[in-house]
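# Report on the structure
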Amino acid sequence: MTVSNRDMANAIRALSIEAVEHASSGHVGLPLGMADAATVLFTKFLKHNPADPAWADRDRFVLSAGHGSMLIYALLNLTRYDSVSRDDIRNFRQLGSSTPGHPENFVTPGVETTTGPLGQGIATAVGMAIAERHLNARFGDDLVNHKTYVIAGDGCLMEGVSQEAITLAGHMQLSNLIVLFDDNAVTIDGGTDMADRTDQCARFEASGWITRQVNGHDAADVEAALSWAQSQTQPVMLAVKTIIGFGAKRAGTGPAHGGPYGADEVATVRESLGWTHAPFEVPAEIESAWQTAGQRAIGDYDAWQARLSSHSQKAAFEAAMAGALPANLSDIVNAHKKAVVEGGKDDATRKWSGAALEALTAAIPEMIGGSADLTGSNNTKTSHTAPLSPENWGGRYIHYGVREHGMASAMNGLALHGGVIPYSGTFLVFADYSRAALRIGALMGERVVHVMTHDSIGLGEDGPTHQPVEHVASLRAMPNMLVFRPCDGVETAEAWELALRNETGPSTLALTRQKVKSARTTHTDDNLTAKGGYILSDADGTKAVLIATGSEVEIALEAQAALAAKGIPVRVVSMPCMDLFEQQSAAYQKDTLGGDLPKVAIEAGVRFGWDRWIGFDGGFVGMSSFGASAPYKQLFEKFGITTDAVVAEVEKRI
């Protein structure tokens, strides 16, 4: 029997509809519609090795329309990835299976990125494509030369982040990025004409892409289009016209989007496909054809392994892909810390961050920086990070433009690709724009560093639209996100070291616009910030504890002196990272915070999250409203974040 593309695609369709029906949950419309095109991609073009899902030079495949997850699970199963067995297909969307409702890269090897929130996949893929071009410039074609493929739906392209991603990719001329747009003209509510009339090809072309319309159910047309895409000098969007829910009575309608379809409709699909086999069974000849397809790039894999084994940059390449840091990283940081202490000057922590980056980027070539059009304010560019662009893929600094959400998504993609350590900057208040990508990065556990400057009312005259009040608290509430708010140059350097060493999640550095006084005036090699909170200044017979972060540590130290003058000794605790303090032992927490001693927290943000440490009866000097437009010193007075206010809060409690 000759096995056709349609036969192989029908195996995807059968497994998908059976899995969704068995789970009584899921979205089968996309797998039914895109099976033909996906089969061409996986059997004719995709460079991968099911036996080594982490092969560094594999093509990346991103299912941006993650609700259609059975498409990728069926493909992984049929091409013989160990991560997805037929039992996992039967257990689709069940606890403990490797086939969760939306693809999760930390659950299922072969899944490149977690998708589900629409638009995140295509935006993340842009970062993957940038990483490939950069590493190709560094290590050459012998080690790095692959494509990033994306399947995106109408919903992905309606989400705002897609515009940021598309224009960034077009500007950067990412010819290694190929998007297959599942052009089925249907969303959950019905036809896309209910809510949208965008000419997607025109939109992409206006952003610097090249496009082509394709019949998604004609394997020869899909193959011709993908062959053409390989040699283009711009990113490629193929508008793949499909019928959502292919084979069903409801095909081409809103109800085709999700399932389960029900027994009668499943029978209709099976009949229209000519699929007579038992549920979850695939004929041996089709199984064999898929297994052969999974092996199509083994020759490429073996040749690449041979090139790597004798390559002059083998050690550097493997270290980069492993995300290794210099063995002397602590020495580099300590030398910088010592210089900061000896310099003794006052400065904004955003500038201290820039100074730390100058030392770090010199020693860590994998660090790729950037900013959302705020380079001079974020201080994220160093003398070692030339712009990364089509004219210089070897550069290490990305001008993301005013695209905070797209920037955060692209950084996730850079980190997922491997070989680079991404960081970039914006104002803290604009974390609201990028929050969906921040959350996905935390969920995936990717090492990404978000430099968020202008961290409070301390930014002054720009006013409440730009003054973060609730943002630090909201980011602290996000699982697996380390939030640092350092008080001076020493803590800032320590925070950078910890962020770089945090290989299991992203970090946010909340940094001041205004100058702060140095709080750490004696050098120690110990990274005190690693504890999250520590005793900065103690007093004999202490009667209360002041806990502060960032620029308010200065106020806490002033209040300590003022209270001492009144005969009231108090302890000052700096808490640059509440998340790390939470990880310490109960004994350490109790000793640091003085047990039952009265406590007052000082932070130019909302109280939310502080009661765990100060108690419901603890004092709080901070914000309970939005800010205002004025010089920052006036604002601290207006909102009562002052030494006198701290003194008063202590005196109430002793």
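Structure first, text after, so check above.
Report on the accompanying structure. (Residues numbered from 1 in each chain as written. Predicted model: local features only at pLDDT ≥ 70, side-chain atom pairs only at ≥ 80, totals over all residues. Heavy atoms only, no water.)

If you trace the backbone, V84 turns up in the loop between α3 (70-78) and α4 (86-90). By relative accessible area, V84 is classed as buried at 1%. Note: C-alpha distance between V84 and K47 (37 residues apart in sequence) is 19 Å. (Helix = DSSP H or I, 4+ residues; strand = E, 2+ residues; numbered from the N terminus. Buried < 20%, exposed > 50% of the residue type's maximum accessible area, 1.4 Å probe, protein only.)

Further remarks concern unusual backbone geometry. Here S24, not a glycine, exhibits a phi torsion of approximately 55°, which is positive. For S24, the position within the fold is in the loop between α1 (5-23) and α2 (29-45). Its identity is not glycine, yet N480 carries a phi of approximately 65°, on the positive side. Structurally, N480 is set in the loop between α19 (471-476) and β13 (482-484).

With mixed pairing, five strands are arranged side by side in an open sheet as β16-β18-β17-β19-β20. Two strands bound the open sheet, and with one partner strand each, they are β16 (534-537) and β20 (619-621). Averaged over all neighbouring strand pairs, the angle between strand axes comes to 30°, with direction disregarded. Packed onto the sheet, helix α23 (residues 586-593) meets β16, β17 (544-548), β18 (570-574) and β19 (599-602) and runs at close to 130° relative to β18. Relative to β20, helix α26 (residues 643-651) is tilted by about 175°, and along the sheet it contacts β17, β18, β19 and β20. (Pairing = 2+ DSSP bridges. Axes fitted to C-alpha atoms, helices over the stretch in contact; angles between N-to-C directions. Contact = heavy atoms within 4.5 Å.)

Right, let's talk about the state of the cysteines for a bit. Enumeration over the complete set of coordinates arrives at zero disulfides. We note that C487 lacks a disulfide partner, and the nearest cysteine sulfur, in C577, lies 13 Å from it. Exposure remark for C487: the relative accessible area of 2% places this residue in the buried category. With relative accessibility at 0%, the residue C577 sits in the buried group. (Disulfide = S-S within 2.5 Å.)

Time to look at helix α20 (residues 489-501). Compared with an ideal rise of 1.5 Å per residue, which puts 13 residues at 18 Å, α20 spans 19 Å between its outermost C-alpha atoms and is within 8% of the ideal. The buried fraction of α20 amounts to 12 of the 13 residues, a majority that puts the element mostly inside the structure. Taken together, the buried positions of α20 are G489, V490, E491, T492, A493, E494, A495, W496, E497, L498, A499 and L500. Among the residues of α20, the N-terminal cap falls to D488, whose side-chain oxygen and the backbone nitrogen of V490 are separated by 3.2 Å. (Expected span 1.5 Å × (residues − 1). Polar contact = N/O pair within 3.5 Å; in protein donor to acceptor, adjacent residues only side chain to side chain.)

In this structure, L177, L226 and W290 are the most contacted members of the largest nonpolar core, which totals 120 residues. Grouped together as the second largest cluster of nonpolar side chains are 34 residues, V469, I568, V646 and V650 included. (Core = buried A, V, L, I, M, F, W, Y, C linked by side-chain atoms within 4.5 Å.)

What follows is about the side chain of D59. Summarising the element assignment, D59 is placed in the loop between α2 and β1 (60-63). Summary of buried charges: D59 has no salt-bridge partner, and the nearest side chain of opposite charge, K47, is 4.8 Å away. At 2.9 Å, the side chain of D59 and the backbone nitrogen of K147 are in polar contact. The contact partners of D59, leaving out residues within four places of it in the chain, are F45, L46, K47, E112, H146, K147 and Y149. (Lys, Arg positive; Asp, Glu negative; His and termini not counted. Salt bridge = Lys/Arg side-chain N within 4 Å of Asp/Glu carboxyl O.)

Here we take up the sheet that holds β1. To summarise the sheet geometry, strands pair through backbone hydrogen bonds and adopt either a parallel or an antiparallel arrangement. Pairing is parallel in the open sheet, where five strands are placed in the order β1-β2-β3-β7-β6. Both outer strands of the open sheet, β1 and β6 (210-215), are each paired with one neighbouring strand and no more. If you compare each strand with its neighbour and ignore which way they point, the axes differ by 20° on average. Where helix α5 (residues 120-139) meets the sheet, its contacts fall on β1, β2 (148-153) and β3 (177-183), and the angle it forms with β2 comes to roughly 170°.

Moving on, we get to the layout of surface pockets. There is about 650 Å³ of room inside the largest pocket. The wall of the largest pocket is formed by 32 residues, among which M321, A415, L416, H417 and G418 lie closest to the centre. Mapped by element, the contributors of at least two residues to the lining of the largest pocket are α12 (298-309), α13 (314-322), α17 (404-417) and β11 (421-427). Partitioning the lining of the largest pocket into residue classes produces 17 nonpolar, eight polar and seven charged. Forming the boundary of the second largest pocket are 17 residues, of which E554, I555, E558, Y632 and K633 lie nearest the centre. Of all the secondary structure elements, the ones that give two or more residues to the lining of the second largest pocket are β15 (515-516), α21 (552-565), α25 (632-638) and α26. Element by element, the count of residues in the lining of the second largest pocket is highest for α25, at four residues. Across the lining of the second largest pocket, the residue classes break down as five nonpolar, four polar and eight charged. (1 Å grid on protein atoms, 1.4 Å probe; cavity = no way out; pocket = protein on both sides within 12 Å on 5 of 7 lines; lining within 4 Å. Points joined across faces, edges and corners; volume = space filled by probe spheres on them. Nonpolar A, V, L, I, M, F, W, Y, C, P; charged D, E, K, R; others polar.)

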